[in-house]
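Understanding the architecture of this molecule
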Amino acid sequence: MEALRPSLSEVVQRISRIGTIVGAVMIVAALAGLMTGNFALVALGGFLFLVGLMLVAPALVRPIAALFGQMLALIFARQGTGELAQGNLTRQPSRAAITASATMIGLAIIVGAGGMMFSMVAP
């Protein structure tokens, strides 16, 4: 019976693939809402864009890690520095995606609070 059950990695891959597709759809819907100019749709679009980026982030870790790994190797001109950084990021892409998503949410809160404070103070 154990051999017939799907392995954990297959289930995680299926969930992450579905999450990536849903996130991409959310980003497209957010961009469409942002283009309308309607305040309610713009606000909803901003929220959908953040959630969509969080869902798409695990799929983007490997390509971004490869790009920045090559850049680190060129900048520091040390053998293995870029490969080490890239290996650490791609070993557990969900951990890197969670860290980036938490940073993104924190920045969105700061920008939103700053915009709200500026709009209350501005003449």
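You'll find the structure just up there.
Before going into details, it helps to say that this report is about the structure given with it. In this convention, every chain numbers its residues from 1, walking through the sequence in written order. In view of the model being predicted, local features appear only for residues whose pLDDT reaches at least 70, and side-chain atom pairs are presented and counted only at 80 or more, with totals across whole chains, interfaces and linings using the full set of residues. In computing side-chain values, all of the structure's heavy atoms are included and hydrogens and water are not.

As for the overall build of the protein
What the protein contains, in helices and strands, is four helices and zero strands. Per the convention used, a helix needs a DSSP run of H or I reaching at least four residues, while a strand needs a run of E reaching at least two, with both numbered from the N terminus. Taken from N to C terminus, the helices and strands of the protein fall in the order α-α-α-α. Accessible area is worked out with a 1.4 Å probe on protein chains only. A residue is then buried under 20% of its type maximum, exposed over 50%, and partly exposed in between. The burial tally for the protein puts 15% of its 123 residues in the buried class. The contact criterion used throughout is that any non-hydrogen atoms of two residues lie within 4.5 Å. Across the protein, contacts joining residues at least 24 apart in sequence account for 63% of those joining residues at least 6 apart.

Brief notes about the packing of helix α2 (residues 39-76) against helix α4 (residues 93-121)
Fitting a line to C-alpha atoms yields each axis, with helices limited to the stretch in contact; the angle taken between N-to-C directions then spans 0 to 180 degrees. For the pair α2 and α4, the least separation of the axes is 8 Å and the interaxial angle reads 145 degrees. The way α2 lies across α4 gives a crossing that is right-handed. Contacts from Leu 50, Leu 53, Met 54, Ala 57, Pro 58, Val 61 and Arg 62 of α2 reach α4 at Pro 93, Ala 96, Ala 97, Ser 101, Met 104, Ile 105 and Ala 108. Throughout, the ten residues Ala, Val, Leu, Ile, Met, Phe, Trp, Tyr, Cys and Pro are labelled nonpolar, Asp, Glu, Lys and Arg are labelled charged, and all others, Gly among them, are labelled polar. Grouping the constituent residues of the contact of α2 with α4 by class yields 12 nonpolar, one polar and one charged. Two helices cross in a left-handed way if the nearer one is turned anticlockwise from the farther one by less than a right angle. They cross in a right-handed way if the turn is clockwise.

Things to note about a nonpolar patch on the surface
The patches reported here contain residues having more than 30% relative accessible area and no salt bridge. Joining distances are 9 Å for like charges and 5 Å for nonpolar side chains (Val, Leu, Ile, Met, Phe, Trp, Tyr). Under the convention used here, a 1.4 Å probe and the Shrake-Rupley method define accessible areas, while residue burial counts only the protein chains that appear. Should a side-chain nitrogen of Lys or Arg be within 4 Å of a carboxyl oxygen of Asp or Glu, the pair is scored as a salt bridge. Together, Leu 60, Ile 64, Leu 67, Phe 68, Met 71, Ile 75 and Phe 76 make up a nonpolar patch on the protein surface, roughly 680 Å² of accessible area in all. Mapped onto the elements, Phe 68 comes out in helix α2.

So, α2
What sets the pattern is the α-helix's 3.6 residues per turn: residues three or four places apart point alike. An expected span of 1.5 Å times one less than the residue number is assigned to each helix. Between its first and last C-alpha atoms α2 spans 46 Å; for 38 residues at 1.5 Å apiece the expected length is 56 Å, and the helix comes up short by more than 12%. Of all the bends in α2, the greatest reaches close to 55 degrees and is centred on Ala 57; the proline Pro 58 follows between one and four positions later. Among all positions of α2, only Gly 45, Leu 48, Val 51, Gly 52, Val 56, Ala 57, Val 61, Ala 65 and Gly 69 are buried. The angle separating two fitted axes, one through the seven residues that finish at a residue and one through the seven that start at it, defines the bend at that residue.

Section: the environment of Gly 46
For Gly 46, the location among the structural elements is in helix α2. Note on Gly 46: relative accessible area 32%, which makes it partly exposed. C-alpha separation for the pair Gly 46 and Gly 33, spaced 13 residues apart in sequence, amounts to 8.5 Å.

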